[in-house]
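Coordinates in review
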Amino acid sequence: MFVNDTHMPQRLAPSLYTSAEHLEREMERMFQPGWHCIGALSDLPNEGDYFTRTLFEKPLICWKTGGEVHTFLNVCTHRFSLLRDKPCGHMGEHLKCQYHGWEYDCHGDTQKIPDAQSFKPMAKGELGLRKFRTETAGQLIFVTLNDTVGGLREFLGDYLYDMCERWFTPDHDLVCPLDIVHECNWKVVIENVLEGYHIGEVHPNSLGVYPDEKCCSHEFHEFWDLYIDDYSTVPMNARPDRIMSKLIGYEPDYKWKHLLRYPNVVFGQMAMFTWVQMVLPVSPSECHAMWRIFCYPGKRGRLKSRILSKALRFWGRRFMSKVIGEDEAVYPAVHDGIAAPMRPRGGLISTREERIFPFQDYVLKMTGEDAFLTKERDIEEERQQPMTVATDGD
Ligand code: FES
Ligand SMILES: [Fe+2]
């Protein structure tokens, strides 16, 4: 059942999806103080492996050494080359710059400098790499660019942190890493994943129809929310994931769970599949979504189980890619409509879409825009629209 029994108004004015000034405020107040999932331990299977990422225009390199994961600014302190410009690769025991070969250790301190005497005088440890705090929850790797915020558990809260430990264990196989650039404001993506109302139009061949309200429940907390769709009563032959999970001998509770840690970290679980989706703004009209989708393969070892779990991962990859692609196709249209110079008044959030309302509330509160100001701005924007006046042939 839904929490509300009446619809709610759209709270965010058009400019909050299009203004560079507002995005700056979001960055400063919502994103910079946060922790951001930049990958999974499965992205670094071996000691010495690394991957590179860009987070809020900062190039990062994430490197596994000594059994731990470290994140640095991917810029050499010698003459500022990117240390590595490939998306991923392997290093020896030191992180080595691709340009002149300076080497750094896990603290970011210089270890080996070719022709070191030509740099004299240089104090030991004088030119270390900028290092960022990195923590893991389950397999997920999180980083913060802010040195003063609390730890990851504090950011996620006990419930979400412990959930990550259960949903993304070392036994969960990474089946589908996706990195996608969407041509829309980041809030368009978050608002879309917070509601299933669009399923009938956007996902008729993948998800079918939206579930009956009786099967749905919503929970709202200060920094996160939870949606549960209980599909345990849906006939088994209508759910391929149920058939597969029975075959591999792992039968979860058959509830589709979906959570948002405001503003932009999304977690999901469907049968043996779990995923994290990070949505990061690039500009007011562009964002980057990183998905890491995992599958619990059931008991390992038996040949039958190994074959089945391979089939399951193949099916999961195809299914999730299809659903994500269907959403991606509609984002530019949603963004362009929201950003149109003239749009109709209104904007309604139904009870089925009610998760959007606290999300919008969070954005307003964190950026200092209250409902009154937003409404006033909306009205002012419409007042400033050029009027089209019909004339008689001149
Ligand atoms: S710029 Fe990295 S070693 Fe010269
Ligand atoms: Fe969707």
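Owing to the predicted nature of the structure, the values given are computational and were not obtained by experimental measurement. (Residues numbered from 1 in each chain as written. Chains lettered and ligands numbered in written order. Predicted model: local features only at pLDDT ≥ 70, side-chain atom pairs only at ≥ 80, totals over all residues.)

1. Topic: the overall build of the protein
Along the backbone of the protein there are nine helices and 19 strands. Radius of gyration (C-alpha) of the protein: 24 Å, near the 21 Å computed for a compact globule of 394 residues. Projected onto its principal axes, the C-alpha positions of the protein cover 80 × 65 × 45 Å. For the protein, the proportion of its 394 residues judged to be buried stands at 34%. Contacts in the protein between residues at least 24 apart in sequence constitute 64% of all its contacts with a sequence separation of at least 6. (Helix = DSSP H or I, 4+ residues; strand = E, 2+ residues; numbered from the N terminus. Rg over C-alpha atoms; globule rule 2.2 N^0.38 Å. Buried ≥ 20, exposed ≤ 12 C-beta atoms within 10 Å, placed from the backbone. Contact = placed C-beta atoms within 7 Å.)

2. Some details on the sheet that holds strand 7 (residues 95-96)
Spatial ordering of the open sheet is given by 7-8-9, a layout of three strands whose pairing is antiparallel. Of all the strands in the sheet, the pair left with one neighbour each is strand 7 and strand 9 (110-112). In this structure, strand 7 lies alongside strand 8 (residues 103-104), joined through two bridges in antiparallel fashion. Each bridged residue has a counterpart across the sheet, and for lysine 96 the counterpart in strand 8 is glutamate 103. (Pairing = 2+ DSSP bridges.)

3. Some words on the domain arrangement of the protein
Looking at the protein, the domain boundaries give domain 1 (1-34 + 171-377) and domain 2 (35-148). Broken down by secondary-structure element, the contributors of at least two residues to the side of domain 1 that touches domain 2 are helix 2 (20-31), strand 12 (173-182) and strand 17 (273-283). Ranked by residue count, the leading element in the side of domain 1 that touches domain 2 is strand 17, at three residues. Here the residues of the side of domain 1 that touches domain 2 are counted per class, giving nine nonpolar, three polar and one charged. (Domains from an automatic or database assignment. Nonpolar A, V, L, I, M, F, W, Y, C, P; charged D, E, K, R; others polar.)

4. Comments concerning the sheet that holds strand 13 (residues 216-220)
Ordered in space as 12-18-17-16-15-14-13, the seven strands form an open sheet in which the pairing is antiparallel. Of all the strands in the sheet, just strand 12 and strand 13 have a single pairing partner and so form its edges. Strand-to-strand twist across the sheet, computed as the mean angle between neighbouring axes with direction ignored, equals 15°. For strand 13 and strand 14 (residues 224-230), the ladder comprises five bridges, and the chain directions are antiparallel. (Axes fitted to C-alpha atoms, helices over the stretch in contact; angles between N-to-C directions.)

5. Points about the nonpolar core
For soluble globular proteins, the rule of thumb is that nonpolar side chains tend to be buried together. Of all hydrophobic cores here, the largest spans 79 residues; its most connected members are Cys62, Leu140 and Ile141. Taken together, domain 1 (1-34 + 171-377) and domain 2 (35-148) each give at least three residues to this core, which thus spans both. The contact partners of leucine 140, leaving out residues within four places of it in the chain, are Cys37, Ala40, Cys164, Phe168 and Val276. (Core = buried A, V, L, I, M, F, W, Y, C linked by C-beta atoms within 7 Å.)

6. Section: helix 8 (residues 356-367)
The first and last C-alpha atoms of helix 8 sit 17 Å apart over 12 residues, in line with the 16 Å expected at 1.5 Å per residue. Those residues of helix 8 not exposed but buried are Ile356, Phe357, Pro358, Phe359, Gln360 and Val363. Remark: glycine 368 follows helix 8 within two positions and exhibits a positive phi of approximately 80°. (Expected span 1.5 Å × (residues − 1).)

7. Description of the environment of aspartate 229
Position of aspartate 229 among the secondary structure elements: in strand 14. Exposure remark for aspartate 229: the 18 C-beta atoms within 10 Å place this residue in the partly exposed category. Through-space distance from the C-alpha of aspartate 229 to that of isoleucine 356 is 17 Å; in sequence the pair is 127 residues apart. When near neighbours in sequence (up to four residues on either side) are disregarded, aspartate 229 contacts Pro211, Cys215, Cys216, Lys255 and Trp256.

8. Topic: the confidence of the model for the protein
Overall, the predicted model of the protein reaches an average pLDDT of 89, with 91% of residues at or above 70. Every residue in residues 387-394 is under pLDDT 50, and counting partners more than four places away or in other chains gives zero contacts. (pLDDT = per-residue confidence, 0-100.)

9. Section: unusual backbone geometry
In this structure, the amide linkage connecting lysine 120 to the following residue, proline 121, adopts the cis form with an omega of -5°. Checked against the element boundaries, proline 121 lands in the loop between strand 9 and strand 10 (131-137). In this structure, the amide linkage connecting tyrosine 262 to the following residue, proline 263, adopts the cis form with an omega of 0°. Secondary-structure assignment places proline 263 in the loop between strand 15 (255-261) and strand 16 (265-270). If you check the backbone angles, phenylalanine 56 has positive phi at about 50° while not being a glycine.

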